[in-house]
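Structure at a glance
Now for the letters of each chain:
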Amino acid sequence: MLNIISRSIVMGGIGGPQKVVGNLIRGLDILGYPYCINKDLGATSQLWIQDDVTALKEASKRKLKAIVGPNLYVLPRNIPENIDMSNFVYIFPSKQIIDFWKYLGFDRCPQDFWPVGIDTMEFPERKKPKNGIVLIYFKERYAEELDLVKKRLTENQTKYKTIIYRKYNEKNYRGLLEKTKYIIWIGKGESQGIALQEALSMNVPVLVWDVEKIGHWVPPTKKEKDMLNEKELNYKLVTSAYYFDDRCGIKAKNKNEIEDFISDMEKRWESFEPRKYIIENLSLEKQARRLIELFDKHHDISYENGKKEFLITNKKWKNDKLYFKAFMHAKLKTKNFIKSFGK
């Protein structure tokens with residue numbers, strides 16, 4: 001039985017960390033694999049700590065084996081030195097992030113990669129629109145890049161809409177995907193890229209204007225701007241769309257290529273089959289099983305043995321207590337008040 005330790009599931013919402021835990025649970029339900037949420041850290045042999053640093057510290061003290069991540073730390077230097085990581089396996093959404101952490105010298109525990117599955121029922125194949133639009137997805141990149149794409153589409157008399165990261169909701173996004181021929185994706189480097197994969201699930205091909213390095217972005221806050229140093233910003237082995245092949249669309253880095261690739265997409269957008277890629281590689285059930293199999297790979301707990309397991313104790317981890325929910329609610333209200341006061 002998998003014990004899921006997650007703050008995101010308590011806080012709710014539909015951000016990236018919430019998608020990770022929510023889609024995993026849907027996959028486990030399809031598999032019929034037993035799980036519990038925010039039980040005591042020793043309640044089962046299969047412990048996954050998604051995003052709870054307090055739980056990580058406690059598991060370290062108790063010397064519990066666990067799969068941890070991916071929503072714990074941005075960089076290896078953020079992990080406190082006094083946390084013993086030796087019994088953990090740190091997971092990342094893609095191998096490119098493992099390579100990045102190794103480049104930064106991380107060697108405190110084994111690492112592996114696990115992308116969460118995409119809900120292909122929530123994002124079903126849309127009928128190919130006869131008079132569809134082009135959707136521009138813009139996430140924290142340079143304004144002149146967006147202007148270049150808009151200019152090209154306008155010159156071609158191509159109807160388009162622009163969606164800005166953090167300025168739309170999921171219902172609006174799905175509605176736009178229904179009438180979209182293809183997307184032009186201008187985003188920063190991504191560890192997985194769930195929103196892009198949800199578009200692929202609806203069989204919408206994507207033209208990715210890829211990044212040249214991690215620092216190919218416009219940080220929205222000073223905190224994010226100061227988060228990475230020069231060495232980290234200049235790391236080049238990163239992409240906006242790691243999970244992607246020729247069925248999904250086109251990837252390009254060179255600004256001079258974008259106009260030609262837009263013309264190419266106009267001619268070929270109906271020939272791409274991105275949904276097949278998602279079903280073959282990132283289905284909910286496949287990726288839920290893949291996470292469970294990591295316990296066999298690293299901790300010698302087989303899929304079948306884990307499936308037969310029952311709770312050792314029904315005691316709850318503090319995430320599941322009402323005071324924690326009240327604390328997080330109060331914290332969010334305070335944060336929103338400070339933001340509104342500053343406007």
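Bringing the side chain of Gln287 into the picture now. Within the element layout of this structure, Gln287 appears in helix α12 (residues 284-299). Its relative accessible area of 5% is what places Gln287 among the buried residues. Here Pro115 takes part through its backbone oxygen, which lies 2.8 Å from a polar atom of the side chain of Gln287.

The strands making up a sheet are joined through hydrogen bonds of the backbone, oriented either antiparallel or parallel. In space, the 6 strands of this open sheet follow the order β2-β1-β3-β4-β5-β6, with parallel pairing throughout. The open sheet has two free edges, formed respectively by β2 (35-37) and β6 (111-113), since each of these has just one partner strand. Shown here is a sheet whose adjacent strand axes are inclined to one another by a mean of 25°, direction ignored. Sheet topology note: the strand β1 (residues 2-5)/β2 ladder contains 3 bridges and is parallel. Residue pairing across strands places Asn3 opposite Cys36, the latter belonging to β2. Running over the sheet, helix α3 (residues 53-62) touches β1, β3 (46-49), β4 (66-68) and β5 (88-92) and is turned about 140° from β3. Packed on one face of the sheet, helix α4 (residues 95-103) meets β5 and β6 and runs near 155° to β6.

A few words now on the environment of Tyr277. Within the fold, Tyr277 resides in helix α11 (residues 274-281). Since its relative accessible area comes to 8%, Tyr277 is described here as buried. Residues Tyr277 and Lys225, 52 residues apart in the sequence, show an inter-C-alpha distance of 34 Å. Beyond its immediate chain neighbours, meaning those up to four positions away, Tyr277 contacts Tyr243, Phe244, Asp245, Arg247, Cys248 and Leu282. Within polar-contact distance, the side chain of Tyr277 engages the backbone nitrogen of Phe244 at 3.1 Å.

What follows concerns the side chain of Arg126. With respect to the helices and strands, the residue Arg126 is situated in the loop between β6 and β7 (133-138). For the buried residue Arg126, which engages in no salt bridge, the nearest side chain bearing the opposite charge is Glu125, 5.9 Å off. Of the polar contacts made by the side chain of Arg126, one reaches the backbone oxygen of Lys181; its length is 3.3 Å. Residues in contact with Arg126, not counting those within four places in the same chain, are Leu177, Glu178, Thr180, Lys181, Met202, Asn203, Val204, Pro205 and Trp269.

The next subject is the pairing of β7. Residues in a regular strand point their side chains to alternate faces of the sheet. A large share of β7 lies buried, amounting to 6 of its 6 residues. Burial along β7 is two-sided: the residues Ile133, Leu135 and Tyr137 and Val134, Ile136 and Phe138 are all buried. Examined bridge by bridge, β7 and strand β9 (residues 180-186) share 6 bridges and lie parallel to one another. Looking at β9, one finds that Val134 is bridged to Tyr182. Since β7 and strand β8 (residues 160-164) lie parallel, the crossover through helix α5 (residues 143-155) that links them has a hand, and here it is right-handed.

The rules behind these values
Residues numbered from 1 in each chain as written. Predicted model: local features only at pLDDT ≥ 70, side-chain atom pairs only at ≥ 80, totals over all residues. Heavy atoms only, no water. Helix = DSSP H or I, 4+ residues; strand = E, 2+ residues; numbered from the N terminus. Buried < 20%, exposed > 50% of the residue type's maximum accessible area, 1.4 Å probe, protein only. Polar contact = N/O pair within 3.5 Å; in protein donor to acceptor, adjacent residues only side chain to side chain. Pairing = 2+ DSSP bridges. Axes fitted to C-alpha atoms, helices over the stretch in contact; angles between N-to-C directions. Contact = heavy atoms within 4.5 Å. Lys, Arg positive; Asp, Glu negative; His and termini not counted. Salt bridge = Lys/Arg side-chain N within 4 Å of Asp/Glu carboxyl O. Right-handed = clockwise from strand over helix to strand, strands pointing away.

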